[in-house]
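Now for the letters of each chain:
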Amino acid sequence: MSSPYPAPVGGASLLLTFKGPRSTILIIGGDALAASRAFVALEAGMQVMILTRGSVCDELKWRADQRQIKLTDWDTLPSTSTSPLASAPDTKADAESLSAFLTENPFISLICITTHTTDTPALARICHAHNIPVNVTDLPALCDFSFAATHRFADLSTGGKSALQVGVTTNGEGCRLAGRVRREIVSVLPKEVAGAVRQVGKLRHLAKNTDDQIEGDGEGDEGEDSGVTTPNRPVPSWRNSAAESKEESSRRRMKWVAQVSEYWPIARLASMSEDEMKVILSGDCPQTTPSYSIQAPIESSLHKLTLSPPPRKGRILLVGSGPGHPSLLTIATHNALTKHADLVLSDKLVPAAVLALIPETVEVRIARKFPGNAEGAQSEMMDAAVEAARRGLTVVRLKQGDPVVYGRAGEEVLFFRAHGFEPLVVPGVSSALAAPIFAGIPVTQRGVAESVVVCTGVGRQGKEVKLPGYERARTVLILMGVARIAQVVGAMMCSDDGSGEGLQSGEGRREGRPYPRNTPIAIIERGSMPDQRVVASTLGHICEALDSAGEQRPPGMMVVGWAVLALQGTGDTSVLEEGEEGDEERVRKWLGGGRWVVREGIDQGWAEV
């Protein structure tokens, strides 16, 4: 019987970051490597002490003269030998000297030894005896911590260093390779990424320091160390005209910061102005061109002609962008974005890879559909489309997946028609059908699933919806329900007497029979994208499985039914033929004896399509 939880596999490191003057590092050595270690510690705001004898590199001398570091000669320590750190050191005397030094300086948090001698192991043991983590260059067996191959990004707009860093470690298996992997990571990140970090930092600061910020709110619910695993936690619907308490206002702003950080393209984040940030946090709906848009430059005629062509009639295209992978755009959608659009009004779920196809001369606005503000953002987008079309522009209202599959296209068609514009609806590849394919799940399969139902896990303005009952030969696709998975699963398994087997009761939320606890379910997050993740389990264990998987990756959907396991491994297409008697063994084989499986990424072949 396998463990109900993932078994820890050794060989990894606990990756932490240290910063601030409360931490002091002692570096034993005076060479160039010691100077390098000192520099990175100084950039982290740490206090740096250097302990060495004899030759000291010029950089360390200079930093000591500038009072950036404290330089101590080993000869000045008590109980010193005549030749510590030399060719014939007195190991016992050196260890005693270091022990006395550490006793006199109990504030030292970390120690790094860059100079190697025969007494280095003894010095490391002294560090361990004082319960101070130590790093010994090129001797991993003596190390409590290691230095990752790091890169600190430069901010292109300021020319200075940014707060963004990345680090790579191979845990001693290939230091040179770690440097190469670091370079590869840096090379593929957008050039504006450091600017995005800077601007999001300003946005967070504004969110936490407005006049109605409550004292002690700190990082809010969505801090980097928060236990919140999804930026889409259900919240009450918000209205600009409604009075907010200080606490409600604070929590709303921080949730909206999390939404912007999660969904907006990196380039868009980097270009935010302070006025735009204030608009984002306030929730105000501008009456003219929103300040949070990427405005295309207006070029005047070279010859300053003032010819006035006849006014062009505007039009509105309701366009589906598919599940996310740019290769799945239809030709019509690609043409709309690259050839026809003057203004693109995009839903927040449309990934940056699709938005990157839009020419730089086209204005792009991203819907502010943050928790509690969906209705206001929807109205804002529709009003903006009509206003732009009246100015003769071609407006592309860009939606993820297919616009009429829970994309609210119907109400937009009626709205635009009522305002004098008959929109052209351009279908897209629906995420409901495409994402399961990327996860290796057929929504229908002979011998397993004869029908499929697409439904939503949440109704308008967060209202509950009725879910379909259990049919063995049916696959149920649930969109927009992952953030409410406990309620959804509870409703599906809830028995006739209202019991939900420990989950939130779902009485009255299902039409038909309850689902068995061992019914397969897969949660597909960011379907078709390189960072796609699939968490597969049974209804009885999926909530625990999702919590175990860590931070959620919206958007996500659920696939419920026996089709989930039909093509996994050697396959299982005898579900309907064999009946329920063999289901427990069927599930055990599928999950390999565990309670869930997690799969990351998409097939490598998509990189070539």
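Thresholds, definitions, all that
- Residues numbered from 1 in each chain as written.
- Predicted model: local features only at pLDDT ≥ 70, side-chain atom pairs only at ≥ 80, totals over all residues.
- Heavy atoms only, no water.
- Helix = DSSP H or I, 4+ residues; strand = E, 2+ residues; numbered from the N terminus.
- Buried < 20%, exposed > 50% of the residue type's maximum accessible area, 1.4 Å probe, protein only.
- Contact = heavy atoms within 4.5 Å.
- Areas by Shrake-Rupley, 256 points an atom, 1.4 Å probe, with all protein chains shown as cover.
- pLDDT = per-residue confidence, 0-100.
- Pairing = 2+ DSSP bridges.
- Phe/Tyr/Trp six-rings, centres within 6.5 Å; stacked < 30°, edge-to-face > 60°.
- Lys NZ or Arg CZ within 6 Å of the ring centre and 35° of its normal.
- Patch = residues over 30% accessible without salt bridge, like charges linked within 9 Å, V, L, I, M, F, W, Y side chains within 5 Å.
- Salt bridge = Lys/Arg side-chain N within 4 Å of Asp/Glu carboxyl O.
- Arc of directions from axis to C-beta.
- Axes fitted to C-alpha atoms, helices over the stretch in contact; angles between N-to-C directions.
- Parallel < 35°, antiparallel > 145°, perpendicular 65-115°, else oblique.
- Left-handed = near helix turned anticlockwise from the far one by under 90°.
- Nonpolar A, V, L, I, M, F, W, Y, C, P; charged D, E, K, R; others polar.

Undergrad: Describe the overall build of the protein chain, naming the residues involved and giving the relevant values.
TA: Regarding its fold elements, the protein chain presents 18 helices and 20 strands. Scored against the burial criterion, the 609 residues of the protein chain give a buried share of 47%. Taking the contacts inside the protein chain whose residues are at least 6 apart along the sequence as the reference set, 64% of them involve residues at least 24 apart. Accessible area for the protein chain stands at about 30,600 Å²; split by element, carbon and sulfur atoms hold 53% of it.

Undergrad: Lay out the confidence of the model for the protein chain with the relevant residues and their values.
TA: Considering every residue of the protein chain, the mean pLDDT works out to 84; 84% of them sit at 70 or more. Here residues 212-224 is a poorly scored stretch, pLDDT under 50, and it has 30 contacts once near neighbours within four places are set aside; other chains count.

Undergrad: Account for the pairing of strand β10 (residues 363-366), naming residues and giving values.
TA: Of the two faces of β10, the one holding Glu-363 and Arg-365 and the one holding Val-364 and Ile-366 are both buried throughout. Pairing geometry for strand β9 (residues 343-346) and β10, over four bridges, is parallel. Along β10, the bridge assignment pairs Leu-345 with Arg-365.

Undergrad: Outline the packing of aromatic side chains, listing residues and values.
TA: For the structure on display, the rule yields four aromatic pairs. Pairing Tyr-470 with Tyr-515 gives two aromatic rings, centres 5.3 Å apart and planes at 65 degrees, and the pair type is edge-to-face. Taken together, the positions of Tyr-470 in the loop between β14 (467-468) and β15 (474-479) and Tyr-515 in the loop between β16 (510-511) and β17 (520-525) put the pair 45 residues apart, joining distant regions of the chain. With respect to class, Tyr-470 is no different from Tyr-515; both count as buried. Positioned over the ring face of Trp-256 is Arg-252, at 4.5 Å from the centre of the ring.

Undergrad: Account for the side chain of Thr-72, naming residues and giving values.
TA: Checked against the element boundaries, Thr-72 lands in strand β3 (residues 70-73). Relative accessible area serves as the criterion here: at 13%, Thr-72 is assigned to the buried category. Setting aside chain neighbours within four positions, we find Thr-72 in contact with Ile-50, Leu-51, Thr-52, Leu-77 and Phe-101.

Undergrad: Would you mind going over helix α4 (residues 120-129) in detail, with residue names and values included?
TA: Taken together, the buried positions of α4 are Thr-120, Ala-122, Leu-123, Ala-124, Ile-126 and Cys-127. Positive phi appears at Asn-131, one or two residues downstream of α4, with a value of about 60 degrees.

Undergrad: Give a detailed account of a nonpolar patch on the surface, specifying residues and quantitative values.
TA: Residues Val-404, Val-405, Tyr-406, Val-425, Val-452, Val-454 and Met-480 make up a contiguous nonpolar surface patch of about 520 Å² in total accessible area. Tracing the chain through its elements places Met-480 in the loop between β15 and α15 (485-493).

Undergrad: Talk me through the pattern of salt bridges; I want residue IDs and the actual numbers.
TA: Across all of its chains, the model carries 27 salt bridges by this definition. As a salt-bridge pair, Arg-63 and Glu-59 come within 3.0 Å of each other at their nearest N and O atoms. A residue pair is termed a helical-turn pair when its members lie 3 or 4 positions apart in one helix, as Arg-63 and Glu-59 do in helix α2 (residues 58-65) at four residues. For Glu-59, a relative accessible area of 33% puts it in the partly exposed group. The network of salt bridges with shared partners includes Arg-472, Asp-572, Glu-578, Asp-583 and Arg-586.

Undergrad: Outline unusual backbone geometry, listing residues and values.
TA: Going from Pro-554 to Pro-555, the amide bond is cis rather than trans, its omega being 0 degrees. Residues other than glycine seldom take positive phi values, yet Asn-131 does so here, at roughly 60 degrees. Taking relative accessible area as the criterion, Asn-131 reaches 70% and is therefore assigned exposed.

Undergrad: So what's going on with helix α18 (residues 583-590)? Which residues, and what values?
TA: Three or more residues of α18 are buried, namely Asp-583, Arg-586, Val-587 and Trp-590. In an axial view of α18, the angular spread of the buried residues amounts to 95 degrees, which keeps them on one side of the axis. Of the exposed residues in α18, those oriented more than 90 degrees away from the buried face are Glu-584 and Lys-589. Residues of α18 that are buried make contact with β17, β18 (533-538) and α17 (575-578). At the C-terminal side of α18, Gly-592 shows a positive phi close to 65 degrees.

Undergrad: Tell me about the sheet that holds β9, and please be specific about residues and values.
TA: Strand-to-strand pairing in sheets goes through backbone hydrogen bonds, with the strands running parallel or antiparallel. Pairing in this open sheet of five strands is parallel, and the strands run β10-β9-β11-β8-β12 from one edge to the other. Every other strand in the sheet has two partners, leaving β10 and β12 (424-426) as the edge strands with one partner each. Going across the sheet, the axis of each strand differs from the next one's by a mean of 20 degrees, ignoring polarity. As paired strands, β9 and strand β11 (residues 394-399) are joined by four bridges and run parallel to one another. In the sheet register, Ser-346 faces β11, and the bridge partner there is Leu-398. Contacts from helix α10 (residues 331-340) reach β8 (315-320), β9, β11 and β12, with the element oriented near 135 degrees to β8. Contacting β8, β9, β10 and β11, helix α12 (residues 374-390) crosses the sheet at an angle of about 170 degrees to β9.

Undergrad: Run through the packing of α15 against helix α16 (residues 542-549), naming residues and quoting values.
TA: Orientation of α15 relative to α16, taken along the N-to-C sense of each, is 160 degrees, at an axis distance of 10 Å. Between α15 and α16, the angle is such that the two are roughly antiparallel. Helix-helix and strand crossings are classified by hand; for α15 and α16 the assignment is right-handed. From α15, Ile-485, Ala-486 and Val-489 reach across to α16, where they touch Ile-542, Cys-543 and Leu-546.

Undergrad: Break down the packing of α12 against helix α13 (residues 409-418) for me, with residues and values.
TA: The geometry of α12 relative to α13 is characterised by a closest axis approach of 10 Å and an angle of 40 degrees between their N-to-C directions. Judged by the inter-axis angle, α12 sits oblique to α13. For the element pair α12 and α13, the recorded crossing hand is right-handed. Contacts between α12 and α13 pair Gln-378, Met-382, Asp-383, Ala-385 and Val-386 from the former with Glu-411, Glu-412, Phe-415 and Phe-416 from the latter. Tallied by class, the residues present in the contact of α12 with α13 amount to five nonpolar, one polar and three charged.

Undergrad: A description of the environment of Val-443 should follow, citing residues and the corresponding values.
TA: Position of Val-443 among the secondary structure elements: in the loop between α14 (431-438) and β13 (451-456). Exposure remark for Val-443: the relative accessible area of 16% places this residue in the buried category. C-alpha of Val-443 to C-alpha of Ala-566: the two residues are 123 residues apart in sequence and 9.6 Å apart in space. When near neighbours in sequence (up to four residues on either side) are disregarded, Val-443 contacts Ala-432, Leu-433, Pro-436, Ala-449, Ser-451, Val-452, Thr-475, Leu-477 and Ala-563.

Undergrad: Just give me the short version of the sheet that holds strand β2 (residues 47-52), but keep the residues and values in it.
TA: If you walk across this open sheet you meet the five strands as β3-β2-β1-β4-β5, and the pairing is parallel. Each having just a single partner strand, β3 and β5 (134-136) make up the two edges of the open sheet. The mean angle between the axes of side-by-side strands here comes to 20 degrees, regardless of whether they run parallel or antiparallel. Along the sheet, α4 makes contact with β4 (108-113) and β5, crossing β5 at roughly 165 degrees.

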